[in-house]
Amino acid sequence: MRAVVVRSFGGPGALEVVEVPVPPTGVGQVRIRVEAAAVNPVDVATRSGLLATAGLMAPREITGIGWDVAGRVAEVGGGVTEFAPGDRVIGLRDRLDVSLGTYAEFVVLDADAVAPAPTGVSAVEAATLPLNGLTALQALDLLGLQSGATLLVTGAAGAVGGFAVELAALRGLRVVAAAGTEDEPFVRAAGAEWFVPRSTDLAEGVRAAVPSGVDGAVDAALLGVRALAAVRNRGSFVSVRDGVAPVPLRGITVKEQWVAADGPALVGLSSLAERGLLSLRVADVLPLDRAAEAHERLAEGGLRGRLVLTP
């Protein structure tokens, strides 16, 4: 099968399409014929060697790329009863110890990292859900806010931030969304009660709406102390990338979100997407052999929605 790998870490040109054996399906696993794989910043961090430098990956001869997948089950391993060949599924490859990712014609995942794909949604759209949807959901779970509490979401028009706004609104949270001025219509439609343009002082803008400061924040834009300043004393704060969380000033509980594959949670997200309650945004679709171009475009920024690769 064809797969995108890196032999030597580097820029987008380090990505290669190679022929590799189809991975075997073990006990408790499913093999998925990939129909779509979203392109995410973590893929760039893998390709560039950032994850290896941080000690999160062991060196190997080839390193596969890609976390998100949508496709059809090709084979189920022993003990798997919830899926059958031909089922439309989505999944998350969160294990950095395996040599192949989802930029491939097939990928093998643990069954508990997989969920039925939302019906009525294309594979390309469905592929944008697992990583970013689970990141947003798990960040909100870490905050543990109750209905009626106030929440700041930075990067509210981004892939994680957009899901965070929608999921928070569904939980009854009152959301302050920080994003570009042009994104105000989207974030308000997603459920934000207040909007703060990123061109203004964030803490001042938030506290103009919520004078005492918000109860919690999901820092999807990685603004750190600038976002922390908008949170009330003894509030809660979650950074969606490890290693960049601010010091927990003023008794604020600060946590870092390390996303984890979670099939049951993904089932819930898939159901919400199926009902039109989550926005599955696609910036563009490219074939697998243009993965380097996709990484170049991601680095340029300004995308709304995910780039998606198709084998």
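For the structure itself, look to the data block above.
As the structure is a computational prediction, the values presented were derived from the model and not from experiment. (Residues numbered from 1 in each chain as written. Predicted model: local features only at pLDDT ≥ 70, side-chain atom pairs only at ≥ 80, totals over all residues. Heavy atoms only, no water.)

### Things to note about the sheet that holds strand 12 (residues 214-219)
If you trace the six strands from one edge of the open sheet to the other, you get 11-10-9-12-13-14, paired in parallel fashion. Looking at the sheet topology across the chains shown, the edges are occupied by strand 11 (194-197) and strand 14 (253-256). On average, each strand axis in the sheet is tilted by 15 degrees relative to the strand beside it, whichever way the strands run. Inspection of the sheet shows strand 13 (residues 231-239) paired to strand 14 by four bridges, in the parallel sense. Among the inter-strand pairings, Ser239 is bridged to a residue of strand 14, identified as Glu256. Along the sheet, helix 5 (residues 159-170) makes contact with strand 9 (150-154), strand 10 (174-179) and strand 12, crossing strand 9 at roughly 165 degrees. (Pairing = 2+ DSSP bridges. Helix = DSSP H or I, 4+ residues; strand = E, 2+ residues; numbered from the N terminus. Axes fitted to C-alpha atoms, helices over the stretch in contact; angles between N-to-C directions. Contact = heavy atoms within 4.5 Å.)

### Some words on the pattern of salt bridges
Two side chains with opposite charge may pair up if their charged atoms get near one another. Applying the stated rule across the entire model yields 14 salt bridges. Between Arg290 and Glu293 there is a salt bridge; the shortest N-O distance is 2.8 Å. Relative accessible area serves as the criterion here: at 36%, Arg290 is assigned to the partly exposed category. Taken together, the salt bridges that share partners define one network made up of Arg95, Asp97 and Asp110. (Salt bridge = Lys/Arg side-chain N within 4 Å of Asp/Glu carboxyl O. Buried < 20%, exposed > 50% of the residue type's maximum accessible area, 1.4 Å probe, protein only.)

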